[in-house]
Amino acid sequence: MIKTFTQVDLIRFIYNETTPKQHHEIELALLCDSELMDNFKSLKETIKSLDSLSCSPSNSTLEAILNYSKSTNLHAAH
Amino acid sequence: MTNNELSDSKLVSLYIKGNEESFEVLLNRYKSKVFTNIYLIVKDRYVAEDLTQDTFIKAINTLRSGRYNEEGKFKPWILRIAHNLAIDTFRKNKRYPTIVMEDGSNVFNTLEFAEAPYENYQVAQDTKTKLLAFIEELPENQREVIMMRHYQEMSFQDIAESTNVSINTALGRMRYALINLRKKMKQHNIAYDQNIYPS
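Residues numbered from 1 in each chain as written. Chains lettered and ligands numbered in written order. Predicted model: local features only at pLDDT ≥ 70, side-chain atom pairs only at ≥ 80, totals over all residues. Heavy atoms only, no water.

Considering the interface of chain A and chain B
Listed per partner, the contact involves 33 residues of chain A and 49 residues of chain B. Between chain A and chain B the total buried area reaches about 3,900 Å² when both faces are included, carbon and sulfur atoms providing 64% of it. Counting the surface chain A buries against chain B, the share from its top three residues, Leu 50, Leu 53 and Cys 55 of chain A, is 17%. Summed over the shared surface of chain A and chain B, the number is two salt bridges. A salt bridge links Glu 45 of chain A to Arg 182 of chain B, with the shortest nitrogen-to-oxygen separation between them at 2.8 Å. Inspection of the region where chain A meets chain B yields 22 residue pairs in polar contact (both at pLDDT 80 or more). For the side of chain A that touches chain B, the secondary structure elements donating two or more residues are helix 1 (7-14), helix 3 (34-51) and helix 4 (59-71) of chain A. Counted by class, the side of chain A that touches chain B contains 14 nonpolar, 13 polar and six charged residues. (Contact = heavy atoms within 4.5 Å. Buried area = accessible area lost by both parts, 1.4 Å probe. Salt bridge = Lys/Arg side-chain N within 4 Å of Asp/Glu carboxyl O. Polar contact = N/O pair within 3.5 Å; in protein donor to acceptor, adjacent residues only side chain to side chain. Helix = DSSP H or I, 4+ residues; strand = E, 2+ residues; numbered from the N terminus. Nonpolar A, V, L, I, M, F, W, Y, C, P; charged D, E, K, R; others polar.)

Right, here's the structure in full:
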C-alpha cells in the first residue's frame, strides 16, 4: 500500500533529511500520485530559486585571505 | 587523489601541518556559501567582502593556534563564524542598506552568468532583486528558517534546537515560507528558469 505524504515530508525529502526507507517510500509515492508530484515540483522549483541568490566574493578578497594565510605559515621554508 | 577530492577534515589536517594548497581548496569550496550568508544579512557588498575576509582570517588564526576542535565539522563551523560576524555587524548598523554599488546598481549586477544572452541576464538580475525582497518581506521566523536551512545548511533538528521550537514547528515554518515565496513569485510572474540559472 502506498503511504500518504505531506508537503512537510516533501521538504524533508528535498533536503535529504528522510531515512533511506522514507526516501524510497516517497519516491514510490511520487510515481503514483500526480498531486504529490505537482506539490513536489512546486516546492523543488521554489527551493531551487533560492540558489540563484548565491554569489561570490571578489578576487581581491580571496587573494587577501590567501596572502594572510601564507604570512602566518610557520612551517614555510625560509 | 587530488586536494580537490579530499574531505574537509583531511584538508584541515594538512593545512595545520603547513600545506597551504589545502586551505585554498577549503576557501574555494566555501567562499560562495560564506559570502552569500553574510550578504543576505548585511545587504552591502563591501561590508560582505570585509566580513568574508574576517571570517576566513578568524578561521586561519584558530587553525594555526591549534584551538580548532577536530570533532566539529569545518562547514558548519565556518558558516557559524560568518553568521555571527554578520549578525554583530548588522546589530551595530541597525539598518539594512539596500543599495551599495557606486553607480547605484544592485550587488547582483556584478554576477556573471555563463554565456547567457543579455536579455536573460537582465531578467535574472531583476528576478534576484525581487526574490531578495520577497525573502525580506517574510515573517521573521520564516525568513530565519530559510536562512538557517538553505544558506547555513543547518538540519531541521539543529534549527529546532537553535530556535527553541519543535522540529515540526521548524518544518512548518519552512513550509509556510516556501508557500509564501511561491505565492509572491506567482503574483509577480517570476518562475524558475533553467536557462537563466544554469546548474
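Thoughts on the confidence of the model for chain A
Detailed reading of predicted coordinates is not advised where the pLDDT is low. Mean pLDDT for chain A: 91, with 92% of residues reaching 70 or above. No element of chain A has a lower mean pLDDT than helix 3 of chain A, which averages 94, and none a higher one than helix 1 of chain A, which averages 97. (pLDDT = per-residue confidence, 0-100.)

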